[in-house]
Amino acid sequence: MTHEELKYRQGWTLEQKIDHSVGVVSAFLAKVGDKGYVSYSGGKDSGVMLDIIRRFVDKTVPAVFCNTGNEYPEVVKFVRETDNLTVIRPEIHIKQLIEKYGFPLISKEQSQYIRQAKHTNSEKLRNIRLNGSINGIGKIAERWKFLIDAPFDVSERCCYFLKKKPFAKFQKQTGLFPLIGTMAGESRLRLQKWLQHGCNLFDTDKTASYPLSIWTESDIWAYIRKFHLPYSPVYDLGLRRTGCMFCSFGCHIKGDRRFYFLKEHKPKIYEHFMQMRNNGITYKEALRFCGIDFPDGTDRQTRIEFLHI
Ligand code: SF4
C-alpha cells in the first residue's frame, strides 16, 4: 500500500467506507473459516466496527473485552450491555507493572526506545536508539533523550501484560482471530503496519483484520449519527478517547486534557494512580519531570530542580 492510496481512500464517502469495511471483514472471515472475534474496547471506534460487522456481515460474531483494571467505570458499565460478550482479564495489576517496568510515557514507540536504551545489553541496539539506524529511524527523539537519565523507568511493557497477553491467551484457547478497530492515521506505527500489510494480515500468530484502517475520526462520528449508535457517556463529558485511564501516551501533546478530566470527574481514582511508584518516584513526580501539562503539573524549571535533588 502507499501513502497516496491511503489519502485517496480516506477521501471516500461514508457509504464507500462502509462497503469497503464490509468487504474487508467478509474476506477475512472467509479466509479464517468464520473464526473471528471483535476486539472490543467499549470505545467509539471498536463500537462502530462491531456494529458494521453485526449489522452487515454476521450478527453472531462474538465480542471480547479485556478489563485491564485501568478502564473508565462508565466504559465497563457500557460494555456490559453488549450481547454475546466475553470479558477477559490480565493476570497482573497495573500498579505492579509500573513498579517493575516503569511509566507509560510519551508514545509506545518512544517508551520502548527509552527502555531499550537504558537497559539493553546490546551496544548495537543502544546506539540505534540513541543515533538511529543507517536510514536514521528507530531513535529516541532529541526532546525525550533526557528520560534515559531519569530517576525512574519509562516503559511500554504494560501494553503487553494488560492487553496483548490476555488476548493471546484467549486466542490460543478458542482458535479465534481478532478484528481490530484501529485507523492507519492514528499513529506512525499503525500507518506503517497498514502500508506493509493493508487491512487484512494473514500471518500465523499475527493474523488479524483492521476493517477501519482507512477511516477517520469524523467518519466514526458520522456513522454513529447515521445509525443512532449508542456510545460511552464519557465522550459527552469531553473525553476524546477511552482506553486506559492512566496511559500517558500522547498526554504531552498541546491541548490534551485527560488528567484534568480525571481530576475533575474521578478525583479518588486520579489520586490513587498519581501515587503509583517506580523506583520510589510517584506518577505525579514523573509527569512533572517530563514537563507535562496536568492538574498538579508545574513548569520546566521544576524538572531542572528535580534533577538536582
Ligand atoms: S494503553 Fe498505555 S496504560 Fe494501557 S496498557 Fe497500553 S501502555 Fe499501558
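Residues numbered from 1 in each chain as written. Predicted model: local features only at pLDDT ≥ 70, side-chain atom pairs only at ≥ 80, totals over all residues. Heavy atoms only, no water.

(A) Focus on the site of the ligand. The full set of residues close to the ligand is Asn-70, Pro-104, Cys-158, Cys-159, Leu-162, Lys-163, Cys-244, Cys-247 and Phe-249. Among the elements that take part in the shell around the ligand, helix α8 (residues 157–174) stands out by supplying four residues, more than any other. In the shell around the ligand, the residues fall into seven nonpolar, one polar and one charged. (Near = heavy atom within 4 Å. Helix = DSSP H or I, 4+ residues; strand = E, 2+ residues; numbered from the N terminus. Nonpolar A, V, L, I, M, F, W, Y, C, P; charged D, E, K, R; others polar.)

(B) Summary view of the packing of aromatic side chains. For the structure shown, the criterion picks out 23 aromatic pairs. Seen in terms of ring centroids, Tyr-160 and Phe-161 are 4.9 Å apart; in terms of plane orientation they differ by 80°. Their pairing is edge-to-face. Taking relative accessible area as the criterion, Tyr-160 reaches 34% and is therefore assigned partly exposed. In textbook terms, an aromatic cluster arises when at least three aromatic residues are bridged by ring pairs, as seen for Phe-103, Trp-144, Phe-146, Phe-152, Phe-246, Phe-259, Tyr-270, Phe-273, Tyr-283, Phe-289 and Phe-294. Between Arg-257 and the ring centre of Tyr-260, over which it is positioned, the NZ or CZ distance is 3.8 Å. (Phe/Tyr/Trp six-rings, centres within 6.5 Å; stacked < 30°, edge-to-face > 60°. Buried < 20%, exposed > 50% of the residue type's maximum accessible area, 1.4 Å probe, protein only. Lys NZ or Arg CZ within 6 Å of the ring centre and 35° of its normal.)

(C) Quick peek at the pairing of strand β3 (residues 85–88). Sheet topology places strand β2 (residues 63–66) next to β3; four bridges connect them, and they run parallel. Bridge pairing links Val-64 to Thr-86 in β3. Assessed by its sense of winding, the connection that carries the chain from β2 through helix α4 (residues 73–79) to β3 is right-handed. (Pairing = 2+ DSSP bridges. Right-handed = clockwise from strand over helix to strand, strands pointing away.)

(D) Layout of a positive patch on the surface. Taken together, Lys-108, Lys-163, Lys-164, Lys-193, Lys-206 and Arg-241 make up a surface patch of like positive charges. Looking at the secondary structure, you find Lys-164 in helix α8. By relative accessible area, which is 54% here, Lys-164 ends up exposed. (Patch = residues over 30% accessible without salt bridge, like charges linked within 9 Å, V, L, I, M, F, W, Y side chains within 5 Å. Areas by Shrake-Rupley, 256 points an atom, 1.4 Å probe, with all protein chains shown as cover. Salt bridge = Lys/Arg side-chain N within 4 Å of Asp/Glu carboxyl O. Lys, Arg positive; Asp, Glu negative; His and termini not counted. Charge placed at Lys NZ, Arg CZ, Asp CG, Glu CD.)

(E) Seen up close, the nonpolar core. One finds Leu-147, Phe-152 and Trp-215 to be the most contacted residues of the largest nonpolar core, which totals 78 residues. The leading source of residues in this core is helix α2 (residues 14–31), at seven residues. Setting aside residues up to four positions removed in sequence, Trp-215 forms contacts with Leu-14, Lys-17, Ile-18, Ser-21, Val-48, Ile-52, Met-183, Ile-220 and Tyr-223. Within the second largest apolar cluster, seven residues are counted, among which are Val-64, Cys-66, Phe-167 and Leu-176. (Core = buried A, V, L, I, M, F, W, Y, C linked by side-chain atoms within 4.5 Å. Contact = heavy atoms within 4.5 Å.)

(F) Examining α8 more closely. Counted at 1.5 Å a residue, the expected span for α8 with its 18 residues is 26 Å, and the 25 Å between its end C-alpha atoms agrees. The largest bend in α8 comes to about 35°, at Lys-164, with the proline Pro-166 one to four residues further on. Among all positions in α8, only Cys-158, Phe-161, Leu-162, Pro-166, Phe-167 and Phe-170 are buried. Summarising the contacts, the buried residues of α8 are in contact with β1 (36–39), β2, β3 and α5 (94–101). Note on α8: the residue one or two positions beyond its end, Gly-175, has a positive phi of about 75°. (Expected span 1.5 Å × (residues − 1). Bend = angle between axes of the 7 residues up to and from the residue.)

(G) Seen up close, α2. Here α2 spans 26 Å end to end across 18 residues, near enough to the 26 Å set by a 1.5 Å rise per residue. Buried within α2 are the following residues: Leu-14, Lys-17, Ile-18, His-20, Ser-21, Val-22, Val-24, Val-25, Phe-28 and Leu-29. Backbone geometry just downstream of α2 places Gly-33 in the positive-phi region, at approximately 65°.

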